[in-house]
Amino acid sequence: MKYILFAYVLQCLASSILAGKEDLCKAQATFELGGLYKNGDIMLGGIFTANFKTVPPELSFRSRPTQLICEGFEISSFQKAQTMVFAIEEINKNPDLLPNITLGYQLYDNCVSLPVALRAATTLISGEDNVQSDFMCQGPPPVVAIVGDPVSTYSIAILRLLTLFQIPMVSYFSTCSCLSNKQEFPTFFRTVPADAFQVEAVIQIIKRYGWTWVGALATDDDYGQSAIKIFLEEFQKYGCISFTETVPSLTENKIILRIVKSIKQSTATVIVIFSSEEELTPLIKEVVRQNVTGKQWIASEAWSTSSVIAIKENFASFGGVIGIAIRRGEIPGLQKFLLQIRPDFNPRNNLLIQFWETVFGCKFFENGSNVTWSDLEGFKACTGLEDITSKETAYSDVSELRSSYNVHKAVYALAHALHNLMSCKDGHGPFENNSCANIKKVQSWQLFHYLKEVNFTNHLGETIVFDKNGDPLAVYDIVNWQQDRDGSIKIRNIGIFDASKTTGSKLFINEDTIFWNFKHGTIPKSICSESCQPGTRKSARKGQPFCCFDCIQCADGEISSKTDSTECVKCSDDYWSNDRKTECILKEIDFLSYDDAMGATLSTISAFGACLSFGVLVIFIHYRHTPVVKANNSELSFLLLLSLTLCFLCALCFIGKPSELTCMIRHVVFGISFVVCISCILVKTIVVIMAFKATLPGNNMVKWFGTSQQRGTVFFTAFIQSIICLVWLTTAPPVPNKNTKYQNSKIIFECHVGSLIGFSCLLGYVGLLACICFLLAFLARNLPDTFNEAKFITFSMLIFCMVWITFVPAYISSPGKHTVAVEIFAILASSFGVLLSIFAPKCYIILLRPELNTKKALMGKAGSKK
């Protein structure tokens, strides 16, 4: 603002203060600005970019500073200003739009400088007349509206002035979303979408290709910082930022080198840049100089179609750029109009002279110019008759009308607003007392009202309308930088983004037309960490963004079936994870079956033991009249052998898939058969002892423990075990149970004892009888051999007790089906111990030493023992 304080024009709005004087408003100074001018009934202002460099004046503080000098005329940018001129000429020739009204224009060059842009704006709203009288304030203002400025930062500054006078401004290139704030900028409109929509398009592209790890660059002006702020807020909901850097507006080599270093060091392949071509050019040159390749650039609309950057020298580093571009349009007759340009020596049309001199590389030496022959050194003199059609320049190229198309729409929006204002009927107007505005004396605030309601369809069928924020319908072209046959870069349309779509995808891209500047033309990856495959989960790295993670294998019993799972899901009780940890599969049900080796072996041994017991029983029945059998109480021997057979067979109840029936039967059969077995041995031991006592003089104890008492004893002991089993089965019977305690990957199908007390009582009762039997047999071990089975019984009970004592810790510590195997082993071992210890010696005599199976032999042996 310091550049305009000394030259700010006193507006005619202050005329009341100076009433009575002939000269009401007098300009203190004028600005030397590059411009285009044509008079008309209603004037439209415009601020464009023609020159891209300014030379500041020397400040000696001894004299008035000279004017800013603009340099670096860009002929492609001049096309936009000429498009506004063309649109106004076209409207003036259209009898259906603003009939009998001639539009004029006053356009200025902002030289990509904020001070110059502000000078242009103040000149437009105040006019260029040195002296203004009060009657001069009665008609329309110097301009009723302004088309421009193309730079968001400049537009913000200019609008601070325009808002005071309610002068509308329609920008064709200012995209900062901040300008949509109607509280701050109520008179701002634009024909280019706001950055918020551009950011949405960028994020949609990034999501389409799964890029979650990107770098971001933005200029340090309102355009760049507003866009990057929105981008970071929205993108971080989806991905992570590898780095962010600010591109300086003024070239600073240290900053440029630092930015390039960040780009090279980053693992991010995709880099998003929000910048205009002017600020970005130095960075582009450094990237190319350092031969930075292997990056996928995402360009904002401010440089995606830049002919300055899209040159073949930059293709190695920037080939394949995907950019958001302003919608391309066609303007019939524009090229013909552009080629009709001729130099004009009117100072208010001095941009035409600059254009002509730049295109033809010559200098004009006419019309009182101060140019000397020394100034023309190295240049030829311009004649004004040069053939513009002989030059193929970006100025006359109408194949990529984007910003120019927006300029065309902006002028027509103002024209339609004026037309609607002119079409107002008295008594139906929008102003006080339903009045209408006078087109001959139209004021900016009146045009502002109608501009908000503009709604028309242009020559391409596109609807031009502004929303409540002054923004148009957001539609972008998606472009891709590709190499043409001559090596130049061709900016090709590959898709479209339509933010107004309410159904379906807003983004459409023709994948077949994209050029990827990577090996084999493959789509690049831009991720911090590779996706975690099914069977793994993501584990965040400490101090790094959530996109950077390690993949951890799911634990046993847990799975992840999706890519990039954040956690593994535990399988339900009946299921277990497969080897890849990608799905839960039904656990293997494990039990001691007849099919596996252990089950088959134990069942074979069990059957063998039962057959052996039954065989001994057959032998004893066959030789029941022999002394050996008679001497050993044949009835108890038969019952003992029968119970031993049941003991062997009960082991089979423990093999096979458990069911409610087998779970209850196995322990009942086991408990009762073993009690009967031990009871028989106990009774035999008692009989032996009593038989020996009966041989003593005066002792008749045998009659008190006869056959009936022996049977009763066996029955009674068995009855007690039966009561224990009955109580157990009625209160808490054994039931089939799926046990996952010992092996997570398997279900151990077993019989749960139900009541541990009942099971303990059953085993405890068997153990009690065995201990009593062992004690009695041990006490009677030295009785005469003829009548004595005590030694054999002692040995058998010793084996029995040892087996079942070792059974307890083995049973408790054995996992799964091995628990059942231990119990079966204990049953078989104790049964074989009893069978072999008691009956093996007798079978030996009966079968192999029949000469000893006589009463005489037995009595003789007894006698020798005495």
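In what follows, the structure referred to is the one given above.
Just so you know, these numbers come straight off a predicted model, no measurement behind them.

**Here's the deal with a nonpolar patch on the surface**
Taken together, the side chains of Phe-715, Phe-719, Ile-723, Leu-726 and Val-727 define a hydrophobic patch exposed on the protein surface, amounting to about 510 Å² of accessible area. Locating Leu-726 in the fold gives a position in helix H17 (residues 707-731). Note on Leu-726: relative accessible area 52%, which makes it exposed.

**Thoughts on the sheet that holds strand S8 (residues 145-147)**
Taken together, the six strands give an open sheet; going across it, the order is S2-S6-S3-S8-S9-S10, and neighbouring strands pair in mixed fashion. Either end of the sheet is taken by a strand with one partner, and the two such strands are strand S2 (35-38) and strand S10 (188-190). Taken over all neighbouring pairs, the strand axes of this sheet differ in orientation by 20° on average, direction set aside. Sheet analysis places S2 next to strand S6 (residues 103-109), joined by four bridges and oriented antiparallel. Residue pairing for S6: Gly-35 is matched across the bridge by Tyr-108. Its contacts with the sheet put helix H1 (residues 75-93) on S2, strand S3 (42-48), S6 and S8, and the angle it makes with S6 is roughly 175°. Of the strands in this sheet, S3, S8, strand S9 (169-171) and S10 touch helix H3 (residues 152-162), which is tilted by about 165° from S9.

**A short note on the packing of H1 against helix H10 (residues 350-360)**
Relative placement of two packed helices is described by the angle separating their axes and the distance separating the axes. Closest axis-to-axis distance for the H1/H10 pair is 11 Å, and the angle between their directions is 145°. Crossing of H1 against H10: the hand is left-handed. Residues Ile-75, Phe-78 and Gln-82 of H1 form the contact with H10, whose participating residues are Leu-351, Leu-352, Phe-355, Thr-358 and Val-359. A per-class count over the contact of H1 with H10 returns six nonpolar, two polar and no charged.

**Overview of unusual backbone geometry**
Trans peptide bonds make up the majority, and among non-glycine residues the majority have a negative phi. Here the amide bond leading from Gly-148 into Asp-149 is cis, since omega sits at -15°, within 30 degrees of zero. If you trace the backbone, Asp-149 turns up in the loop between S8 and H3. Its identity is not glycine, yet Gln-166 carries a phi of approximately 55°, on the positive side. Positionally, Gln-166 belongs in the loop between H3 and S9. Phi at Asp-564 is positive, roughly 60°, even though this residue is not glycine. Relative to the helices and strands, Asp-564 resides in the loop between strand S25 (558-559) and strand S26 (569-570). Classification of Asp-564 as partly exposed rests on a relative accessible area of 27%.

**A word on the state of the cysteines**
In the structure shown here, the tally under the stated rule is ten disulfides. Paired by a disulfide, Cys-532 and Cys-551 hold their sulfur atoms 2.0 Å apart. Torsion about the S-S bond of the Cys-532 and Cys-551 cystine: about -95°, corresponding to left-handed handedness. You can see Cys-532 sitting in the loop between strand S22 (507-509) and strand S23 (536-540) and its partner Cys-551 sitting in strand S24 (residues 549-553), a full 19 residues away along the chain. Between Cys-771, a free cysteine, and Cys-801, which holds the nearest cysteine sulfur, the sulfur-to-sulfur gap is 4.7 Å. Classification of Cys-771 by relative accessible area gives partly exposed; the value is 46%.

**With respect to the nonpolar core**
Ranked by internal contacts, the top residues of the largest apolar core, which has 75 residues, are Leu-36, Phe-78, Met-84, Phe-355 and Leu-451. Of all the secondary structure elements, the ones that give two or more residues to this core are S3, H1, S6, S8, helix H9 (334-338), H10, helix H11 (403-422) and helix H12 (444-451). Top element by residues in this core is H11. It accounts for eleven residues. Ignoring anything within four residues of it in the chain, the contact list for Phe-355 reads Phe-73, Ile-75, Phe-78, Ile-341, Ile-388 and Tyr-395. Judged by nonpolar contacts, the second largest core, of 65 residues, contains Ile-678, Cys-725, Val-766 and Ala-777.

**Points about the packing of aromatic side chains**
Within a pair of aromatic rings, the relevant descriptors are the distance that separates the centres and the angle that separates the planes. For the structure on display, the rule yields 29 aromatic pairs. Taking the centre distance of 6.2 Å and the plane angle of 25° together, the rings of Phe-608 and Phe-832 count as stacked. Residue Phe-608 is found in helix H13 (residues 597-622), and its partner Phe-832 is found in helix H20 (residues 817-848); the two are separated by 224 residues along the sequence. When its relative accessible area of 15% is taken as the criterion, Phe-832 is described as buried. Looking at Arg-348, its charged tip hangs above the ring of Tyr-37, at a distance of 3.6 Å from the centre. We note Lys-538 situated over the ring of Phe-549; from NZ or CZ to the ring centre the distance is 4.8 Å.

The rules behind the values
- Numbers given for residues are sequential positions, taken from 1 along each chain in its written order.
- Reporting of local features is limited, given that this is a predicted model, to residues whose pLDDT is at least 70; pairs of side-chain atoms are given and counted only at 80 or more, and all residues count toward the totals for whole chains, interfaces and linings.
- Side-chain descriptors were evaluated using all non-hydrogen atoms of the structure, hydrogens and water having been removed beforehand.
- Exposure above 30% relative accessible area and the absence of a salt bridge qualify a residue for a patch, where like charges join within 9 Å and nonpolar side chains (Val, Leu, Ile, Met, Phe, Trp, Tyr) within 5 Å.
- Accessibility throughout is a Shrake-Rupley quantity obtained with a 1.4 Å probe, and a residue counts as covered only by protein chains that appear here.
- The working definition used for a salt bridge is a side-chain nitrogen of Lys or Arg within 4 Å of a carboxyl oxygen of Asp or Glu.
- Counting from the N terminus, the helices are DSSP H or I runs at least four residues long and the strands are E runs at least two residues long.
- Categorising residues by exposure relies on relative accessible area from a 1.4 Å probe, with only protein chains included: less than 20% of the type maximum marks a residue as buried, more than 50% marks it as exposed, and the intermediate range marks it as partly exposed.
- The pairing criterion is simple: DSSP has to find at least two bridges between the two strands.
- To obtain each axis, a line is fitted to C-alpha atoms, and for helices this fit is confined to the stretch in contact; angles are then taken between N-to-C directions over 0 to 180 degrees.
- Here, two residues are considered to be in contact whenever any of their heavy atoms come within 4.5 Å of each other.
- A crossing counts as left-handed when the near helix is turned anticlockwise from the far one by less than a right angle, and as right-handed when that turn is clockwise.
- Gly falls in the polar group here, along with every residue not listed as nonpolar (Ala, Val, Leu, Ile, Met, Phe, Trp, Tyr, Cys, Pro) or charged (Asp, Glu, Lys, Arg).
- Only a pair of cysteine sulfur atoms within 2.5 Å qualifies as a disulfide here.
- Within this scheme, the nonpolar core is defined by two criteria: the residues are buried Ala, Val, Leu, Ile, Met, Phe, Trp, Tyr or Cys, and they are joined through side-chain atoms within 4.5 Å.
- Planes of paired rings set the category: under 30 degrees apart is stacked, over 60 is edge-to-face and the rest tilted, where pairs are Phe, Tyr or Trp rings (Trp by its six-membered ring) whose centres lie within 6.5 Å.
- Each ring is checked for a lysine NZ or an arginine CZ that lies within 6 Å of its centre and within 35 degrees of its normal; such an atom marks a charge sitting over the ring.

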